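Chain by chain, the residues:
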Protein chains: 4
Amino acid sequence: MCTAASLRSGGLFFGRTLDNCKSYGEEVVFSPRSMPLWRGGGEHYAMLGMATVRGGYPLYYDAMNEKGLCMAGLNLTESAGYGAPAPGAANVAQHELIAYILGTCASADEAERALGRVNLTSESFAPDMPPAALHWMISDGRRDVVAECVGGKMNVYKNDAGVLANEPVFPAQMFNLRGHMSLSAEEPRNALCPALGLKPYGFGMGAIGLPGDYSSPSRFVRAAFVRNNCSPAAGGGQSALFEVLGSVRVPRGCCRTDGGEAYTMYSCCMCAARLTYVWTTDCVGAPRAVRLRPRCADMLVYPSGLT
Amino acid sequence: MCTAASLRSGGLFFGRTLDNCKSYGEEVVFSPRSMPLWRGGGEHYAMLGMATVRGGYPLYYDAMNEKGLCMAGLNLTESAGYGAPAPGAANVAQHELIAYILGTCASADEAERALGRVNLTSESFAPDMPPAALHWMISDGRRDVVAECVGGKMNVYKNDAGVLANEPVFPAQMFNLRGHMSLSAEEPRNALCPALGLKPYGFGMGAIGLPGDYSSPSRFVRAAFVRNNCSPAAGGGQSALFEVLGSVRVPRGCCRTDGGEAYTMYSCCMCAARLTYVWTTDCVGAPRAVRLRPRCADMLVYPSGLT
Amino acid sequence: MCTAASLRSGGLFFGRTLDNCKSYGEEVVFSPRSMPLWRGGGEHYAMLGMATVRGGYPLYYDAMNEKGLCMAGLNLTESAGYGAPAPGAANVAQHELIAYILGTCASADEAERALGRVNLTSESFAPDMPPAALHWMISDGRRDVVAECVGGKMNVYKNDAGVLANEPVFPAQMFNLRGHMSLSAEEPRNALCPALGLKPYGFGMGAIGLPGDYSSPSRFVRAAFVRNNCSPAAGGGQSALFEVLGSVRVPRGCCRTDGGEAYTMYSCCMCAARLTYVWTTDCVGAPRAVRLRPRCADMLVYPSGLT
Amino acid sequence: MCTAASLRSGGLFFGRTLDNCKSYGEEVVFSPRSMPLWRGGGEHYAMLGMATVRGGYPLYYDAMNEKGLCMAGLNLTESAGYGAPAPGAANVAQHELIAYILGTCASADEAERALGRVNLTSESFAPDMPPAALHWMISDGRRDVVAECVGGKMNVYKNDAGVLANEPVFPAQMFNLRGHMSLSAEEPRNALCPALGLKPYGFGMGAIGLPGDYSSPSRFVRAAFVRNNCSPAAGGGQSALFEVLGSVRVPRGCCRTDGGEAYTMYSCCMCAARLTYVWTTDCVGAPRAVRLRPRCADMLVYPSGLT
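These numbers come from a predicted model, not from an experiment.

The rules behind the values
Residues numbered from 1 in each chain as written. Chains lettered and ligands numbered in written order. Predicted model: local features only at pLDDT ≥ 70, side-chain atom pairs only at ≥ 80, totals over all residues. Heavy atoms only, no water. Least-squares fit on C-alpha atoms with pLDDT ≥ 70 in both. Contact = heavy atoms within 4.5 Å. Buried area = accessible area lost by both parts, 1.4 Å probe. Salt bridge = Lys/Arg side-chain N within 4 Å of Asp/Glu carboxyl O. Polar contact = N/O pair within 3.5 Å; in protein donor to acceptor, adjacent residues only side chain to side chain. Nonpolar A, V, L, I, M, F, W, Y, C, P; charged D, E, K, R; others polar. Pairing = 2+ DSSP bridges. Helix = DSSP H or I, 4+ residues; strand = E, 2+ residues; numbered from the N terminus. Axes fitted to C-alpha atoms, helices over the stretch in contact; angles between N-to-C directions.

Student: What is the right way to read the relation of the copies chain A and chain D from this model?
Tutor: Both copies of the chain are related through a single rotation about an axis accompanied by a shift along the same axis. In the superposition of chain A on chain D (RMSD 0.0 Å, axial shift 0.0 Å), the rotation amounts to 180°. Read as a symmetry element, the transformation amounts to a two-fold axis. Residue A:Gly212 of chain A places its C-alpha closer to the rotation axis than any other residue of that unit, at 1.7 Å. A share of 100% of the interface residues of chain A reappears at the interface of chain D, consistent with the copies meeting face to face through the same patch.

Here it is in structure tokens:
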């Protein structure tokens, strides 16, 4: 389970939390232009992001390319459904999609067009790695889109909310958000009974009704509220984005599942203007940062600190 | 557990629900002016209401007197605390209070003054009947007050909300109501993120956040919302009051306690202008009605239909 | 806006609320077997229900046929999308659907098969009556189904929840219901912090979180909670069904829309065993009842009392 | 507005957020044993904490003394009411209380006894500084207490929840917490309708109902949930405490008041075992730390970074 968000304040800031019960050895990985990243792929845009490296190949969770286009994959366990490879089609396996889109597209517009041509397949990277049921948020300096493959059909949505979580599908999340439209950063007015003269007893009461739990619809609404009300002016876009991600953080121990404790393993913020990937594995402590150097010719792997 | 409410529309309409696991043989009882109703009491105002008759004496749950003053007792299980009888004081046992106030007071103002003089005691009516931990709502055509005896001290509050439930004490219920002040009968406006263009997807969305469960704070807020927004214009005050009470009704089966299923055993509406006591034990079906005849000299008992 | 529900207790009880700002002259209408009810239709099952009669033709909101099959149409304003008439197809206009299904089907199974053959069209009954955007709940003594026509495609769903409201589409309502799965008619246990020794302060606390407002998703959840927990044992199926419908009643004044006050104009309960249609326009007062007599040869119109 | 919390994991970790619209020049201040900190006070325990220094005198918001006793003051705007100075009484002005208690007490037990002797007064530090309406949380390695002065009467409560926010008074916050007792870090079970077979659609659903807004009762419940479920095992007590405080953080822009944007200006964590005061003004970034050196004879002021 995860949450993603974007912010624009002197360029794009894009990030996500990754919530899981255990690490799969994620590391921060730079892939140079010349490194083959998908079947039949040649030269491509360089990219930097979080990935599990298997057999020398980075399986990206989220990344930014040298053009500042950002993309993250998040669980969509029940609804995601990919197709079978079709002869003559632009077959892209689910695990290749981030590399394929970031490798070939310089903008969200280009990504949207590319997604329209893709036949996303359920082929596995390896027999012991069944395809992950995901959807994706893709952002550039101008706009955000969401890509969901349901029943083998690729749907691409404009995402004005600027956030993404997990189930249900994006249109259903947006429907649910409409039920929270009266939540406000302002002080509440007394609409229940004006004659009663009810007054606030403190601040922060305009957002009463904002859900505080860790379920996917609640994280979507909460992230949308903070993302669309927080002020990047004060600490800049990176600080504001980490505020958004902090609001949907899952502290260790607060989510006990059959598979163990699920918690926020890392939060990251990609800054398109500076081409940096910044991440932290803890709720306090200095985040680490790596810069994407487009001309670097070598694959680089930075230890993430995930355990 | 219970909820009480008042409405004014061509005079006072006052009513309550009684929520319990079993009936104690409640009946609708008229007490004539001459019938002794409390220790040392003489001639008094006649009254009509729901009571359990024990040893020929009506123990009122709620009633109206011939002046149209209405009063109901509701559980306050944790907070209510009565005093010991004191020599020379105006000692009134908890089970006598409704009869004493309705017998001697013609208005909420008079009731408030009388409550200020009373020493409310924890004396039992009978060894097998420990004193009930209650608080009371008292209403006339002009205003509502709440009386709570906590730690032996009688507190009387002006009740502008016009409703009462159970725990916590009335000031704490009013504090909690302030947290729901933005709930509205109007359609919601998009305060979460104006740029997103969120729109309602149907009506009734201004009250999203109104609690729908059967706990006492939730019933207080829900009754306050409906009481202060419903239109008596359409069906008259009685119909509107039953709408308020219907909104806090506990359907059988929806509240399972250690003592069995708690549910709304009856709902009643007293009309001060017509001096009628109207009640129903079901959620549908014609309510029954009895008229208070001030000059009638006999105690009258009407079967309530409670089983 | 509306809510529908079914209950089975010695046969099917099926009903709905109709929430609107004004009446369209709805009346209770019996249609005999011989009366033409749709284009090309001949002899059919007799039916009884609430309808607006236009040009001598009953436009049903909800009805039961002589086999005890029941059906109700509810708003689905945003999602419903019908097709165009197609040559050779079983074209049924939206306003004909209830009559067509109840006229030709004796069970939910038969209805499901018939719906699979139908091409539901957006043809209007009259130039001043644009097609209503609806979905339908259909119930017999064994099961409930929901029919939704989205983008011209008819989807039929098994409805184990036994209730229906408005937007969003049925699968999304069921998804949302899963978010409320821990609501309980039982007393809550202390899961937040066992060491704290938190205890209930009254009954009804197991359902804290049940939404109390009038929006469609909230009415769906509330009706589902009450429907699946209330005890028909006490007052019988009709009483229990009216409890369910009472829990989603919209009191006049609590929903103010641009088009005026929306409120529950009527609630009805069809009893399949007795073939009766029972309805009420008020929250109190004896409901009226009419019996369906299959062999009656005349169209009968009973004044509904709606104003 | 503020939230405080304690955790015990190899000794006490105690901290708080301070939410406000502007800084009053708070700095981290060490007060040596010999520095006079209240009227008539002599030698006392050294202490370290956040304070505004006025006329060379530190007005503490929160601090820890050399014995590891910690204390924080939080707004209680409506309910706090101090007394007038009384001749012969142990008069302590509201602004002196933290210094007085930390200066003279080595444990929560001693603090509780001292609070029982104090006459807390509304005297001002300066004409332009009216007394702040506060209540206090005091913690040592064994337990937490809350001190509230209401109507001139000092109430000291055992605080098993281990958190504190603002209005209402502590017993009312604990009452409200009981309404959330079924919130769980575990996956939810289907209690709404077992026959329906409802299943979770992701993790984190056991806490659905946890409030996510910034009002005081919501912050109290949320902090209590996280504090009592989070695992200090992973990152240690300091990390876990910052998780608790992070869950009630107010991002800049999400709380707009008449007085400007209220937001979390700093979060701090005092570690009793190491006698360190750790704080951060941002949601990311390395926190700063200072160590309390009991024998140091000089007042030390560390710039806090608050702006």
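Student: Quick question: what am I supposed to make of the interface of chain A and chain D here?
Tutor: Accessible area lost on assembly of the parts is the figure often given for the size of an interface. Of the residues lining the interface, 50 residues belong to chain A; the matching set on chain D comes to 50 residues. Counting each side, the surface lost to burial between chain A and chain D is near 4,300 Å², with a carbon and sulfur contribution of 59%. For chain A, the biggest contributors to the area lost against chain D are A:Tyr201, A:Phe203 and A:Arg256; these three give 18% of the whole. Taken together, the connections running from chain A to chain D amount to 4 salt bridges. The shortest N-O distance in the salt bridge between D:Arg249 and A:Glu243 comes to 2.9 Å. Inspection of the chain A/chain D interface yields 17 residue pairs in polar contact (both at pLDDT 80 or more).

Student: Sorry, what's going on with the interface of chain B and chain D here?
Tutor: At the junction of the two partners, chain B supplies 6 residues and chain D supplies 6 residues. Both sides together, the interface formed by chain B and chain D hides about 500 Å², and carbon and sulfur atoms give 59% of it. Looking only at chain B, the three residues that lose the most surface to chain D are B:Glu78, B:Phe175 and B:Arg178, adding up to 69% of its buried area. Viewed at the interface, chain D and chain B are joined by 2 salt bridges. Here D:Arg178 makes a salt bridge to B:Glu78, at a shortest N to O gap of 2.6 Å. Our count for the chain B to chain D interface comes out at 2 residue pairs in polar contact (both at pLDDT 80 or more). Residue classes in the side of chain B that touches chain D are distributed as 3 nonpolar, no polar and 3 charged.

Student: What should I look at first to understand the sheet that holds strand β2 (residues 12–20) of chain C in this one?
Tutor: Hydrogen bonding along the main chain pairs the strands of a sheet, whether they run parallel or antiparallel. All names here are of chain C. Taken together, the 6 strands give an open sheet; going across it, the order is β12-β1-β2-β15-β16-β17, and neighbouring strands pair in antiparallel fashion. Every other strand in the sheet has two partners, leaving β12 (163–164) and β17 (288–291) as the edge strands with one partner each. The pairing of strand β15 (residues 263–271) with strand β16 (residues 276–280) spans 5 bridges and is classified as antiparallel. Directly across from Cys-268, in β16, lies its bridge partner Trp-279. Strands in contact with helix α4 (residues 216–227) are β1 (2–8), β2 and β12; relative to β1, the strand with the most contacts, it is inclined by about 15°.

Fair warning: the whole summary comes from geometry, so function is off the table for now.
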